[in-house]
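Descriptive structure summary
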There are 2 protein chains.
Amino acid sequence: MDIEKLTKEKYHLIDGEMNAVFNGNIPNLHDAIQYHMETGGKRLRSILAITTYEALGGRDEKILPFAAACEVLHNWFLVHDDIEDADRVRRDKPAVWVKYGLAHGVNVGDYMAQKVFELVMRSKLYGVDDATTIKLLNAMVTTSVKTSEGQTMDINMRKGGTEKDYMNMVMSKTGHYLTVTMVGAAILAGREELVDMLIEFGRNIGPAFQITDDVLDLTEGKGRGEIGRDIKEGKRSILIIHCLGKCMPQEKKIISDILGKTPEDTTGGDVEMVVALLKKYGSIEYAKNKAEQMQRDAKAIIKKLPPELHELMEFFADYLVNRRK
Amino acid sequence: MDIEKLTKEKYHLIDGEMNAVFNGNIPNLHDAIQYHMETGGKRLRSILAITTYEALGGRDEKILPFAAACEVLHNWFLVHDDIEDADRVRRDKPAVWVKYGLAHGVNVGDYMAQKVFELVMRSKLYGVDDATTIKLLNAMVTTSVKTSEGQTMDINMRKGGTEKDYMNMVMSKTGHYLTVTMVGAAILAGREELVDMLIEFGRNIGPAFQITDDVLDLTEGKGRGEIGRDIKEGKRSILIIHCLGKCMPQEKKIISDILGKTPEDTTGGDVEMVVALLKKYGSIEYAKNKAEQMQRDAKAIIKKLPPELHELMEFFADYLVNRRK
């Protein structure tokens, strides 16, 4: 699957849907959304929705509003996540709340959240019946509710937690969210019997993606302008949790003290110190292995799904976990 | 209409619906919602939805999920508004973001926003058909989108604006929001022909309410622990706009300088100075007259609506504008 080629082919369809709901010109709202949405987004989520729908036999454009809604859902989360994590940089540019101020940052995200539902309800324009639209809306609400619950757990974990807490958090935060695209496609293709299995796939590939992301933060950064940002934010990633369970009491104190500092007070030396301890106790390897194991589990689930989905889902599973290794 | 009596009678029904969707126990999420919802809320919005539905002949409980959704919509806005306005006190208690931190504050509001839609979709459990549920969802999205647009304009107006800008802002921010309760009731009662007129009523009573609120901020405060909070926040209320249009250049500079200060830097003396100028130029009277004019316009619209709604809407129009004069 050539994601760049597909993006070029479908980009205007997705953006056409988004433009239909973001069609105002109120300063610090519509310009802020455009600023955020244009910042290098690959429209991966909407492409996944469309290709899944087509693989399941969809030959019309009924999927477009839902596909665009998935894109807006993702970007709404990013706008608010940056506030919640005090991240000032997104995709190597100032985050929305930094550029437009905190008040607009919160409000812009809220507006986008509403547009997710407005977009799904546009499905009617493509001939989707009301009962199916309600199913799509339910899938969307379930996803955003689970993701917000996971986000709470993530913020709570700044104060500490076990690997079990971490896994619970990451399953909530990413388990539904990455595959809601495919769930919507299955509903629209009249293949609701696939939904549970797709969610099960998501509950494996989501954490695999997140753990990979946690590893990447230490090796090449996540487009937030620096390496080790998670350490500065005091995030209890699976790497940190593993290391804290293995290291000596005095090392544990060092790590906890560094994670407890504000991002501004955490020095480059602090980050290096934590990375050295993660390496010493094999925590990076541990996390990589865990991500690979969950990727394998996700791939085992693919085999239980209809063959027409295999290539697409294999691609997606590889793309999420391997792309930046 | 005895709002206290009705609240006592219906409170458990509304809260039953809300408890059904806020039924988790994730720390800093469900406790935060409970903390916020319990802080002296009168459940006015849900009572209005129920009484409107009953006045239009509704004899079942189909309105309950929508009524509860209106309550959650209102409270979600309050949680995020306090962040956007840097208000630390809500109903004489610490605001959610102050008590639970900014990250949770943003996330709690997002969660509540999702639950608005989850609640509306619970209407099915009371026998509401899919087509009607979609209509209710559309009414809700239209309302929240308009309110967010108005909120953008409100934040923008901190840098200045005309009375026309103010009226545009306040119509967007409050025009749909206060009467979505009645709109939902009309839809569920099969009286969709009333919707446009109810919105027209809202576009008059909403601004009347907001202008009254702006006056109250100067005379007795809005439960935010102080008088003249809007001046500290630099809000360009209709009073300020009126005064700036009348006063001498040096007075204009004094007002602009005080509004330009941060809330922390604005002294009690600053607030008194602005209030003195508002009085000198009759801006408080002007605002009161404007609110009363719009209240009269709203009441003129009531007369065009079916007689069974008159008592209820007269009460509501008086309650919003006169209650704390």
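None of the values given here were measured: they were computed from a predicted structure.

Each value, and the rule that gives it
Residues numbered from 1 in each chain as written. Chains lettered and ligands numbered in written order. Predicted model: local features only at pLDDT ≥ 70, side-chain atom pairs only at ≥ 80, totals over all residues. Helix = DSSP H or I, 4+ residues; strand = E, 2+ residues; numbered from the N terminus. Buried ≥ 20, exposed ≤ 12 C-beta atoms within 10 Å, placed from the backbone. Contact = placed C-beta atoms within 7 Å. Least-squares fit on C-alpha atoms with pLDDT ≥ 70 in both. Axes fitted to C-alpha atoms, helices over the stretch in contact; angles between N-to-C directions. Parallel < 35°, antiparallel > 145°, perpendicular 65-115°, else oblique. Nonpolar A, V, L, I, M, F, W, Y, C, P; charged D, E, K, R; others polar. Left-handed = near helix turned anticlockwise from the far one by under 90°. pLDDT = per-residue confidence, 0-100. Arc of directions from axis to C-beta.

**A few points about the overall build of chain A**
Each helix and strand counted, chain A has 16 helices and two strands in total. Along the three orthogonal principal directions, the C-alpha set of chain A runs to about 65 × 50 × 30 Å. Across the 325 residues that make up chain A, the buried fraction comes to 50%. Long-range pairs, those at least 24 residues apart, make up 72% of the contacts in chain A with a sequence separation of at least 6.

**Some words on the environment of Leu239 of chain B**
All names here are of chain B. By secondary structure assignment, the location of Leu239 is in helix α12 (residues 238-246). Separated by 46 residues in the primary sequence, Leu239 and Glu285 place their C-alpha atoms 8.9 Å from one another. Once residues lying within four places of it in the same chain are set aside, the contact partners of Leu239 are Asp214, Leu278, Ser283, Ile284 and Ala287.

**What about the relation of the copies chain A and chain B?**
Least-squares fitting of chain A to chain B yields an RMSD of 0.0 Å, with the superposition described by an axial translation of 0.0 Å and a rotation of 180°. Look at the turn and shift together and you get a two-fold axis relating the two. For chain A, the minimum C-alpha distance to the rotation axis belongs to Asp130 of chain A and amounts to 2.9 Å. Looking at chain A, 100% of its interface residues are interface residues in chain B too, so the copies touch through the same face.

**Here's the deal with the packing of helix α8 (residues 163-174) of chain B against helix α10 (residues 195-219) of chain B**
Each packed pair of helices is defined by two parameters, the angle between the axes and the distance between the axes. All names here are of chain B. Their axes nearest at 8 Å, the elements α8 and α10 cross at an angle of 110°. The angle between α8 and α10 falls in the class roughly perpendicular. Here Met167, Val170, Met171 and Thr174 of α8 lie close against α10, whose contacting residues are Arg203, Gly206, Pro207, Phe209 and Gln210. Residues belonging to the contact of α8 with α10 are distributed by class as follows: five nonpolar, three polar and one charged.

**Description of the interface of chain A and chain B**
Listed per partner, the contact involves 35 residues of chain A and 35 residues of chain B. Sorting the residues of the side of chain A that touches chain B by element identifies α4 (64-84), α6 (102-121) and α7 (130-156) of chain A as the ones contributing at least two each. Sort the elements by how many residues they give to the side of chain A that touches chain B and α7 of chain A lands first, with 16 residues. In terms of residue class, the side of chain A that touches chain B is made up of 17 nonpolar, 13 polar and five charged.

**Here's the deal with the packing of helix α13 (residues 249-260) of chain B against helix α14 (residues 268-280) of chain B**
Residue and element names in this part refer to chain B. Look at α13 against α14: their axes get within 10 Å of each other, and the N-to-C directions meet at 140°. As the angle between them shows, α13 and α14 are arranged oblique. Crossing geometry of α13 relative to α14 is assigned as left-handed. Here Glu251, Ile254, Ile255 and Ile258 of α13 lie close against α14, whose contacting residues are Asp270, Met273, Val274 and Leu277. When the residues that make up the contact of α13 with α14 are grouped by side-chain class, the tally is six nonpolar, no polar and two charged.

**Remarks on unusual backbone geometry**
Non-glycine residue Ala86 of chain A carries a positive phi angle of around 55°. Turning to its location among the elements, Ala86 of chain A is positioned in the loop between α4 and β1 (89-90). With 16 C-beta atoms packed within 10 Å, Ala86 of chain A lands in the partly exposed category. Positive phi, close to 50°, is recorded for Arg91 of chain B, a residue that is not glycine.

**A word on the environment of Ile50 of chain A**
Residue placement: Ile50 of chain A occurs in helix α3 (residues 44-55). Along the chain, Ile50 of chain A and Val271 of chain A lie 221 residues apart, while their C-alpha atoms are 41 Å from each other.

**Here we look at the confidence of the model for chain A**
In this model, chain A carries an average pLDDT of 93, and 97% of its residues clear a pLDDT of 70 or more. Reported for the predicted complex are a pTM of 0.94 and an ipTM of 0.94.

**Structural notes on helix α2 (residues 30-38) of chain A**
In an α-helix there are 3.6 residues to a turn, and that puts residues three or four apart on one side. Residues and elements named next belong to chain A. Looking only at α2, the buried set comprises Ala32, Ile33 and His36. Here the buried residues of α2 occupy an arc of 100° about the axis, which is enough to place them on one side. Check the buried side of α2 and you find it contacts α4, α5 (96-100) and α6.

**Structural notes on the environment of Gln34 of chain B**
Residues and elements named next belong to chain B. Mapped onto the elements of the fold, Gln34 is located in helix α2 (residues 30-38). According to the C-beta neighbour criterion, Gln34 is partly exposed, with 13 such atoms within 10 Å. Separated by 108 residues in the primary sequence, Gln34 and Thr142 place their C-alpha atoms 27 Å from one another.

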